[in-house]
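So the chains spell out like this:
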Amino acid sequence: SISRAAGFARRLLELPDMSSERNADLRVKATKVLQKSEQMARNEHQLNYNESATFKIDCQKFLPIYAGESSIKCSYCGSEYSDPAMQNQICPTCSFCLVGVQTIGLVTGS
(Lines give C-alpha, C1' and ligand atoms only; values in the text may rest on other atoms or scores of the structure.)
Protein backbone atom coordinates (compact mmCIF):
# COMPACT_ATOMS: atom_id res chain seq x y z
CA SER A 1 0.00 0.00 0.00
CA ILE A 2 3.00 2.24 -0.34
CA SER A 3 1.91 3.63 -3.70
CA ARG A 4 -1.48 4.47 -2.11
CA ALA A 5 0.42 6.51 0.48
CA ALA A 6 1.94 8.46 -2.42
CA GLY A 7 -1.56 9.27 -3.66
CA PHE A 8 -2.63 10.51 -0.23
CA ALA A 9 0.53 12.60 0.15
CA ARG A 10 0.09 14.06 -3.34
CA ARG A 11 -3.54 15.04 -2.63
CA LEU A 12 -2.49 16.55 0.70
CA LEU A 13 0.23 18.63 -0.94
CA GLU A 14 -2.27 19.91 -3.54
CA LEU A 15 -4.49 21.48 -0.86
CA PRO A 16 -4.38 25.30 -0.87
CA ASP A 17 -3.60 25.57 2.87
CA MET A 18 -0.42 23.53 2.53
CA SER A 19 1.55 26.57 1.38
CA SER A 20 0.96 28.42 4.66
CA GLU A 21 3.68 28.57 7.29
CA ARG A 22 1.52 26.84 9.94
CA ASN A 23 1.46 23.68 7.78
CA ALA A 24 5.22 23.65 7.11
CA ASP A 25 5.82 20.57 9.29
CA LEU A 26 2.97 18.66 7.66
CA ARG A 27 4.21 19.67 4.19
CA VAL A 28 7.71 18.32 5.00
CA LYS A 29 6.27 15.02 6.27
CA ALA A 30 4.02 14.61 3.22
CA THR A 31 6.96 15.31 0.91
CA LYS A 32 9.05 12.65 2.69
CA VAL A 33 6.22 10.12 2.40
CA LEU A 34 5.85 10.94 -1.30
CA GLN A 35 9.57 10.52 -1.96
CA LYS A 36 9.81 7.26 0.01
CA SER A 37 6.72 5.76 -1.58
CA GLU A 38 7.92 6.65 -5.08
CA GLN A 39 11.16 4.78 -4.38
CA MET A 40 9.34 1.68 -3.11
CA ALA A 41 6.22 1.88 -5.32
CA ARG A 42 4.23 -1.28 -4.62
CA ASN A 43 0.87 -2.24 -3.16
CA GLU A 44 1.00 -5.17 -0.81
CA HIS A 45 -2.70 -5.08 0.07
CA GLN A 46 -5.75 -4.50 -2.10
CA LEU A 47 -7.81 -1.56 -0.80
CA ASN A 48 -11.43 -0.63 -1.48
CA TYR A 49 -10.42 2.84 -2.60
CA ASN A 50 -10.61 4.78 -5.87
CA GLU A 51 -7.94 7.48 -5.76
CA SER A 52 -9.54 9.62 -8.46
CA ALA A 53 -13.11 9.71 -7.07
CA THR A 54 -14.47 12.02 -4.39
CA PHE A 55 -15.93 10.30 -1.37
CA LYS A 56 -17.06 10.58 2.23
CA ILE A 57 -16.35 8.04 4.95
CA ASP A 58 -19.05 5.70 6.25
CA CYS A 59 -18.76 6.34 9.99
CA GLN A 60 -19.91 2.83 10.90
CA LYS A 61 -17.97 0.64 8.45
CA PHE A 62 -15.10 3.06 7.72
CA LEU A 63 -15.51 2.49 3.98
CA PRO A 64 -15.79 5.11 1.24
CA ILE A 65 -19.18 6.41 0.14
CA TYR A 66 -18.51 7.66 -3.39
CA ALA A 67 -20.34 10.63 -4.91
CA GLY A 68 -23.74 9.50 -6.20
CA GLU A 69 -24.08 6.57 -3.79
CA SER A 70 -26.98 6.74 -1.35
CA SER A 71 -26.30 7.55 2.27
CA ILE A 72 -28.09 8.84 5.34
CA LYS A 73 -26.78 11.52 7.63
CA CYS A 74 -26.91 12.51 11.28
CA SER A 75 -28.36 16.01 11.33
CA TYR A 76 -26.40 16.93 14.48
CA CYS A 77 -22.80 15.84 13.82
CA GLY A 78 -22.95 15.20 10.06
CA SER A 79 -21.74 11.59 10.19
CA GLU A 80 -22.79 9.63 7.10
CA TYR A 81 -23.82 5.99 6.81
CA SER A 82 -24.38 3.82 3.75
CA ASP A 83 -26.43 1.16 5.54
CA PRO A 84 -30.19 1.95 5.33
CA ALA A 85 -30.65 0.00 8.60
CA MET A 86 -29.05 2.97 10.38
CA GLN A 87 -32.22 5.02 9.68
CA ASN A 88 -33.80 6.13 12.99
CA GLN A 89 -30.95 4.61 15.03
CA ILE A 90 -28.99 6.66 17.58
CA CYS A 91 -25.87 7.99 15.88
CA PRO A 92 -22.82 6.03 17.12
CA THR A 93 -20.59 9.06 16.59
CA CYS A 94 -22.36 11.65 18.75
CA SER A 95 -24.86 9.44 20.66
CA PHE A 96 -27.24 12.39 20.55
CA CYS A 97 -29.42 12.33 17.43
CA LEU A 98 -31.35 9.83 15.33
CA VAL A 99 -29.69 9.12 11.98
CA GLY A 100 -31.70 10.22 8.95
CA VAL A 101 -34.13 12.44 10.86
CA GLN A 102 -34.27 15.98 9.46
CA THR A 103 -34.42 18.69 12.09
CA ILE A 104 -34.53 22.47 12.13
CA GLY A 105 -31.85 22.65 14.79
CA LEU A 106 -31.78 22.91 18.53
CA VAL A 107 -34.80 24.80 19.86
CA THR A 108 -34.80 26.07 23.44
CA GLY A 109 -37.44 27.87 25.47
CA SER A 110 -41.08 28.26 24.60
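Up top is the structure these notes are about.
Residues numbered from 1 in each chain as written. Predicted model: local features only at pLDDT ≥ 70, side-chain atom pairs only at ≥ 80, totals over all residues. Heavy atoms only, no water.

Q: How would you explain the state of the cysteines if you had to name every residue and give the values?
A: With the rule as written, the count across this model stands at 0 disulfides. Of the cysteine sulfurs around Cys-91, a residue in no disulfide, the closest is that of Cys-77, at 3.7 Å. The class of Cys-91 is buried, set by a relative accessible area of 0%. The closest cysteine sulfur to the non-disulfide-bonded Cys-94 is located on Cys-74, 3.8 Å from its own sulfur. The exposure class of Cys-94 is partly exposed, given its relative accessible area of 22%. (Disulfide = S-S within 2.5 Å. Buried < 20%, exposed > 50% of the residue type's maximum accessible area, 1.4 Å probe, protein only.)

Q: An account of the packing of aromatic side chains is requested, with residue identities and associated values reported.
A: Counted according to the given criterion, the structure contains 2 aromatic pairs. Their ring planes at 65° and their centres at 6.0 Å tell us that Phe-55 and Tyr-66 sit as a pair that is edge-to-face. Linking Phe-55 in strand S1 (residues 55-57) with Tyr-66 in strand S2 (residues 64-66), this pair joins segments that are 11 residues apart in sequence. Phe-55 sits in the partly exposed class, given a relative accessible area of 27%. Ring geometry for Tyr-76 versus Phe-96: centroids 4.6 Å apart, planes at 50°, classification tilted. Placement of the pair is Tyr-76 in the loop between strand S3 (72-73) and strand S4 (80-81) and Phe-96 in the segment after S4, with a sequence separation of 20 residues. Both residues of the pair, Tyr-76 and Phe-96, belong to the exposed class. (Phe/Tyr/Trp six-rings, centres within 6.5 Å; stacked < 30°, edge-to-face > 60°. Helix = DSSP H or I, 4+ residues; strand = E, 2+ residues; numbered from the N terminus.)

Q: Help me get a handle on the nonpolar core, residues and values and all.
A: In this structure, Ile-72, Cys-74, Tyr-81, Met-86, Cys-91, Cys-97 and Val-99 together form the largest nonpolar core, which totals 7 residues. Those residues within four positions of Tyr-81 in sequence are excluded, and the remaining contacts are Asp-58, Cys-59, Gln-60, Ile-65, Ser-71, Ile-72, Met-86, Cys-91, Pro-92, Thr-93 and Val-99. (Core = buried A, V, L, I, M, F, W, Y, C linked by side-chain atoms within 4.5 Å. Contact = heavy atoms within 4.5 Å.)

Q: I'd like a rundown of the side chain of Asn-23, residues and numbers included.
A: As for its placement among the helices and strands, Asn-23 is situated in the loop between helix H1 (2-14) and helix H2 (24-39). Dropping the residues within four chain positions of it, Asn-23 is found in contact with Asp-17 and Met-18.

Q: So what's going on with H2? Residues and values would help.
A: Its 16 residues place the ends of H2 23 Å apart at the C-alpha level, agreeing with the 22 Å of an ideal helix rising 1.5 Å per residue. Looking only at H2, the buried set comprises Ala-24, Ala-30, Leu-34 and Ser-37. Viewed end-on, H2 has its buried residues packed into an arc of 160°, placing them on one side of the element. Exposed side chains of H2 directed beyond 90 degrees from the buried face belong to Lys-32 and Gln-39. (Expected span 1.5 Å × (residues − 1). Arc of directions from axis to C-beta.)

Q: Now, about the pattern of salt bridges: what can you tell me, with residues and values included?
A: One pass over the structure, following the stated rule, counts 3 salt bridges. Linking Asp-17 and Arg-22 is a salt bridge whose minimum nitrogen-to-oxygen distance equals 3.7 Å. Exposure remark for Arg-22: the relative accessible area of 68% places this residue in the exposed category. Among the salt bridges present, the one from Glu-80 reaches Lys-56, with a minimum N-O distance of 3.0 Å. Taken together, the positions of Glu-80 in strand S4 and Lys-56 in strand S1 put the pair 24 residues apart, joining distant regions of the chain. (Salt bridge = Lys/Arg side-chain N within 4 Å of Asp/Glu carboxyl O.)

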